[in-house]
Amino acid sequence: MIAAFNELSRILEPNGCFPRIYYEYEGWDEVWFFEFHPGEPRINLGTLRITEQKRATYPPSPEDDPTRDFDTNPITTEEWDAWDATHTAARDALTSLSRLLQSLPGGRTPGRRSTATGEPEGPEHAFGIVARAPISRTMIDTIRRAGPTSVPMLITGETGTGKELLARAVHMTSPRARHMFIPFNCTTVPRDMIDAQLFGHRRGAFTGASEPMPGLLRTADGGTLLLDEIGDMPLDLQPKLLRFLETGEVLPLGESRVLHVNVRIVASTNAYLEHLVQAGRFRADLFYRLNAVHISVPPLRERREDIPDLVQHLIARLSAEMQREPVSVTPHALDWMMMQTWPGNVRQLANLLRRALVLGEPGEPIGMPHLVLQPIAAPPAAATPTR
């Protein structure tokens, strides 16, 4: 499977695509996906049912073989090949896709396209991010410069500004692009479980730990881990994260021996970490370590030049999700969108356009009736009881 993906990447990357392959767990099953480019619709490559027999072929971990010293006796090529051979469905799908692309007339292969003109993507549509405004282009320039490094990064901005999309762009511009990108929101897991989620645990480490868990840091080995809403990370766990950033060492719960992992950390938040540091809710040393490279994502109201291209980009993406042809926007509707303050930023704009596409007829341009709905009438006042 890995060889098939590398061959497909060789075909696509000269055309401006940065493909990636990844999997998500459904119970013990791996569901594998492929994307031509970050943020585009993904292709389901199939599900690998993890039977006990197939689990036995996987590269061993310290939980499987606690007596093995992985520093002096690392995973062998044969062990990786045995693991790779179990993913026949994904490998065959990627191989078929490579042959299809190579058979296109004139050697044409999919390239990045502008949603407005159909021409190859220019600087204002880098990494699937609309960046026509000067403040947006500065942000993209930072990604191009810092992406190929392994330096930790901090991405800040209001809710809905697209911080995860920027983190994916950082990953795709780095040598880690062929490895996993894993987003983790620090607010979606109970605070007492974040340690196990990030650093893993061995079987029996705590009540309910009936199976070992490698943890997200080890799962993302070689790739990038996005720690979203980093300001909500428990204070008592922050020293452990800081030590990992400084040494690359992971100590799973219940283990007595540290493991070394090569993962790039990108953190994001809509909070002011400087204020949290002053309030004693976030460690200053961790903040300085994460803030080695800082990207501040401007709110949509500060980059209005991006709105026309962004509207076309979102309509094209949403239309593809709904299996419809893209539609245009009336000048009046576009002027109205340019004047809004967008407190929910790009997410709010995308939801508004999604609603407009749902309410409109196929092929009908989006106009003001689709954007501005009648307010919900207030319930009638209760009648005053008579005596």
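All of the points below concern the structure found in this document. These figures come from a predicted structure and were not determined experimentally.

Calculation criteria
Residues numbered from 1 in each chain as written. Predicted model: local features only at pLDDT ≥ 70, side-chain atom pairs only at ≥ 80, totals over all residues. Heavy atoms only, no water. Phe/Tyr/Trp six-rings, centres within 6.5 Å; stacked < 30°, edge-to-face > 60°. Buried < 20%, exposed > 50% of the residue type's maximum accessible area, 1.4 Å probe, protein only. Lys NZ or Arg CZ within 6 Å of the ring centre and 35° of its normal. Core = buried A, V, L, I, M, F, W, Y, C linked by side-chain atoms within 4.5 Å. Helix = DSSP H or I, 4+ residues; strand = E, 2+ residues; numbered from the N terminus. Contact = heavy atoms within 4.5 Å. Lys, Arg positive; Asp, Glu negative; His and termini not counted. Salt bridge = Lys/Arg side-chain N within 4 Å of Asp/Glu carboxyl O. Polar contact = N/O pair within 3.5 Å; in protein donor to acceptor, adjacent residues only side chain to side chain.

**Here's the deal with the packing of aromatic side chains**
- Taken as a whole, this structure holds 2 aromatic pairs when the rule is applied.
- On the numbers, 5.6 Å between centres and 55° between planes, the contact of Phe287 with Tyr288 is tilted.
- A relative accessible area of 8% means that Phe287 is categorised as buried.
- According to the relative accessible area criterion, Tyr288 is exposed, its value standing at 58%.
- Lys240 extends its terminal NZ or CZ atom over the ring of Phe199, reaching a point 4.6 Å from the ring centre.

**Thoughts on the nonpolar core**
- Formed by 32 residues in total, the largest nonpolar core has its most connected members in Phe184, Leu198, Leu225, Leu227, Ile230 and Ile265.
- Among the secondary structure elements, those contributing two or more residues to this core are β7 (181-185), α7 (194-199), α8 (216-219), β8 (224-228), α9 (238-247), β11 (264-269), α10 (273-278) and α11 (284-290).
- In terms of residues, this core owes the most to one element, α9, which gives 4 residues.
- In contact with Phe184, other than residues within four places in its own chain, are Val189, Ile194, Gln197, Leu198, Leu216, Leu225, Leu226, Leu227 and Asp228.
- Residues Leu310, Ala333, Trp342 and Ala350 belong to the second largest nonpolar core, which totals 22 residues.

**Re the environment of Asn270**
- Take Asn270: it is sitting in the loop between β11 and α10.
- Along the backbone, Asn270 and Glu229 are 41 residues apart, and their C-alpha atoms lie at a distance of 7.0 Å.
- Beyond its immediate stretch of four places on either side in the chain, Asn270 contacts Gly157, Glu158, Thr159, Lys163 and Glu229.

**Remarks on the side chain of Arg264**
- Relative to the helices and strands, Arg264 is located in strand β11.
- Summary of buried charges: Arg264 has no salt-bridge partner, and the nearest side chain of opposite charge, Asp221, is 13 Å away.
- Among the polar contacts made by the side chain of Arg264, one reaches the main-chain carbonyl oxygen of Ala146 at a distance of 2.9 Å.
- Leaving out residues up to four positions away in the same chain, Arg264 has contacts with Ala146, Gly147, Thr149, Ser150, Val151, Met153, Val170, Ser174, Arg176, Gly223, Thr224 and Leu225.

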